[in-house]
Amino acid sequence: MVAIPSGRSARLEDVAALAEVSLATASKALHNKPRISEETKQRVLDAARQLNYSPNKLAQSLARGTSGLIGLVTSDLQGRFSTPILIGAENELRAQSTSVLLANARGDVALERQHVEKLLSLKVDGLLIVQRETNPRPSLGQDWGVPLVYVYGPSTDTNDCSVTCDNVDAGRMAVNHLISCGRRHIAIIGGDETYTAATDRTKGALEALAELGIQPAGPIRYGKWAEEWGRAATRLLIDQGVKFDAVVCQSDQLARGCIDVLKQQGLSIPDDVAVIGHDNWSVLTSGSRPSLTSIDNETEAIGRRAARYLMDAIDGNPHHGVDYVPCRLIQRESTLPLD
């Protein structure tokens, strides 16, 4: 047992002595560095817990030449998708005693670059670049002297690190769920075709249908991410005599519009037609009657993962390419299985 003088907190040398390793090995273990055995790492971690050791973050930062600050530039500070991303990233960074400096570029490319330059002048250790949608975006380049991670809107440069949601798999998920509910005549109402979220979700849905030898019910049409388009697209399906027992709506707003028209036609949801949305926007999913099954983009998880990847890059272990975080389906009353 290591004896610590009264009134003094445990130090790294105390942890090393209790674990019977060198100071360098103890430091590597506590910072999850490579080239150290799991057995040794666990011994050091156990010693740190036993001594209630808490690293001095200021000393660590000084030793590593880092500031303990991360810059986060968002294109949409109040956005429905941006806010949970920011929460996830901030929670992950706070757990590592890292502070966040936030800047809002408001979708302005020139302002985004100005914010990046300003944050770099404040000696941030790295930058998270958050977009309001999942459309790929141009890279800011690799000449900033600190690592960058692109969040939600992935960089077009595969040398960069990007984290976003898997919209192709979300499309598959929606169709497979409806199939599991006993539906076989599945219509698809698309969102704005200029968004890769819409085309990716369609791609996944068509792949899932093709694997079962099923064609979509009626033509796939695209329009605005709005209830009005959901209503108009549903009326077109009905007016053209399309036979359908389920509808994949690529947003919750589209689904709400779709449900409005189905009800006006005297159809029961989900008995006559099952409806699934996307985004898991609580205002719409819980307010819908029946409550709306939807797919969640897991934006908070995206923020957490992006922050972890940025810290990895700061520690010398960068990630490259696009990491797609799986979406999650939340079943509610609009897609109950057939009896």
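Cut-offs used in this document
Counting starts from 1 at the beginning of each chain's written sequence and moves along it residue by residue. Confidence filtering applies because this is a predicted model: local features only for residues at pLDDT of at least 70, side-chain atom pairs given and counted only at 80 or more, and all residues used for totals across whole chains, interfaces and linings. Note: side-chain values were computed over all heavy atoms of the structure, leaving out hydrogens and water. Strands here are runs of E lasting at least two residues and helices are runs of H or I lasting at least four, both read from the DSSP assignment and numbered beginning at the N terminus. Every helix has an expected span of 1.5 Å times one less than the residues it contains. Residue exposure (1.4 Å probe, protein chains only): buried if accessible area is under 20% of the type maximum, exposed if over 50%, otherwise partly exposed. Contacts are assigned to residue pairs that have any heavy atoms within 4.5 Å of one another. By the criterion applied in these results, polar contacts are pairs of N or O atoms within 3.5 Å in which, for protein atoms, one can donate a hydrogen and the other can accept it, and in which residues neighboring in sequence qualify only through two side-chain atoms. Definitions used for this entry: grid spacing 1 Å over protein atoms alone; cavity, a set of points where a 1.4 Å probe fits but cannot get out; pocket, an open set with protein on both sides within 12 Å along at least 5 of 7 lines; lining residue, one with an atom within 4 Å of a point. Grid points are joined across faces, edges and corners, and a volume is the space filled by probe spheres set on the points. Strands are treated as partners if at least two bridges between them are detected by DSSP. Fitted lines through C-alpha atoms serve as axes, helices being fitted only where they are in contact, and the angles separating the N-to-C directions of these axes extend from 0 to 180 degrees. Comment on the angle field: the value is read as roughly parallel under 35 degrees, roughly antiparallel over 145, roughly perpendicular from 65 to 115, and oblique elsewhere. Crossings are classed by handedness, with left-handed meaning an anticlockwise turn of the near helix from the far one by less than a right angle and right-handed meaning a clockwise turn. For this classification, Asp, Glu, Lys and Arg are treated as charged, while Ala, Val, Leu, Ile, Met, Phe, Trp, Tyr, Cys and Pro are nonpolar and the rest, including Gly, are polar.

## Quick word on helix α6 (residues 109-121)
Taking 1.5 Å of rise per residue, the 13 residues of α6 would be expected to cover 18 Å, and the 19 Å separating its terminal C-alpha atoms lies within 8% of that figure. Within the span of α6, buried status applies to L111, E112, V116, L119 and L120. Lining the buried residues of α6 we find β1 (69-74), β2 (99-104) and β3 (127-130). Sitting at the amino-terminal end of α6 is D108, which places a side-chain oxygen 2.9 Å from the backbone nitrogen of A110. In the segment just after α6, K123 is the residue with positive phi, at about 70 degrees.

## Description of the layout of surface pockets
Counted as a void, the second largest pocket has a volume near 350 Å³. If you trace the second largest pocket, you find 18 residues lining it, with R80, F81, R132, Y195 and W225 closest to the centre.

## Considerations on the sheet that holds strand β8 (residues 246-249)
As summarised here, the arrangement of the four strands in space is β7-β6-β8-β9, forming an open sheet in which the pairing is parallel. Looking along the sheet, the strands with just one partner apiece sit at the ends: β7 (221-222) and β9 (274-276). Pairing of strand β6 (residues 186-190) with β7, which is carried by two bridges, proceeds in the parallel orientation. Residue pairing across strands places I189 opposite R221, the latter belonging to β7. Contacts from helix α7 (residues 167-180) reach β6, β8 and β9, with the element oriented near 160 degrees to β8. On the sheet, helix α9 (residues 227-239) packs against β6 and β7 and is oriented at approximately 145 degrees with respect to β6.

## Looking at the packing of helix α1 (residues 12-19) against helix α2 (residues 23-30)
Two numbers describe how α1 lies on α2: the axes approach to 9 Å, and their chain directions differ by 100 degrees. One finds that α1 runs roughly perpendicular with respect to α2. Residue-level inspection shows L12, E13 and A16 of α1 in contact with α2, the latter providing L23, A26, S27 and L30.

## Examining the packing of helix α5 (residues 82-95) against helix α12 (residues 299-314)
For the pair α5 and α12, the least separation of the axes is 6 Å and the interaxial angle reads 40 degrees. Taken together, α5 and α12 sit at an angle that is classed as oblique. Viewed along their axes, α5 and α12 form a crossing whose handedness is right-handed. Taken together, the residues of α12 that come into contact with α5 (itself represented by P84, I85, I87, G88, A89, N91, E92 and L93) are T299, E300, G303, R304, A307, R308 and M311. Its residues assigned to classes, the contact of α5 with α12 comprises seven nonpolar, four polar and four charged.

## A closer look at the pairing of strand β4 (residues 148-151)
The side-chain alternation of β4 yields two buried faces, one formed by L148 and Y150 and the other by V149 and V151. Pairing geometry for β3 and β4, over four bridges, is parallel. Paired with I129 across the two strands is Y150, which belongs to β4. Judged from the three bridges that link them, β4 and strand β5 (residues 161-165) form a sheet pairing that is parallel. Residue pairing in the sheet places V151 in a bridge with V163 of β5.

## Section: empty space enclosed by the protein
A water-sized probe, rolled over the atoms, reveals where empty space remains. Within the structure shown, the criterion is met by two cavities of 30 Å³ or more. Taken as a whole, the largest cavity encloses approximately 80 Å³ of empty space. Every residue lining the largest cavity is counted, 14 residues in all, and those nearest its centre are A174, R201, V248, C249 and Q250. If you list the elements that add at least two residues to the lining of the largest cavity, you get α7, α8 (196-211) and β8. In terms of residue class, the lining of the largest cavity is built from eight nonpolar, five polar and one charged. Approximately 40 Å³ is the volume attributed to the second largest cavity. Within the residue set of the lining of the second largest cavity, elements represented by two or more residues are β6 and α9. At three residues, α9 tops the list of elements feeding residues into the lining of the second largest cavity. Its residues placed into classes, the lining of the second largest cavity shows seven nonpolar, no polar and one charged.

The values reported here are purely geometric and, on their own, carry no functional implication.
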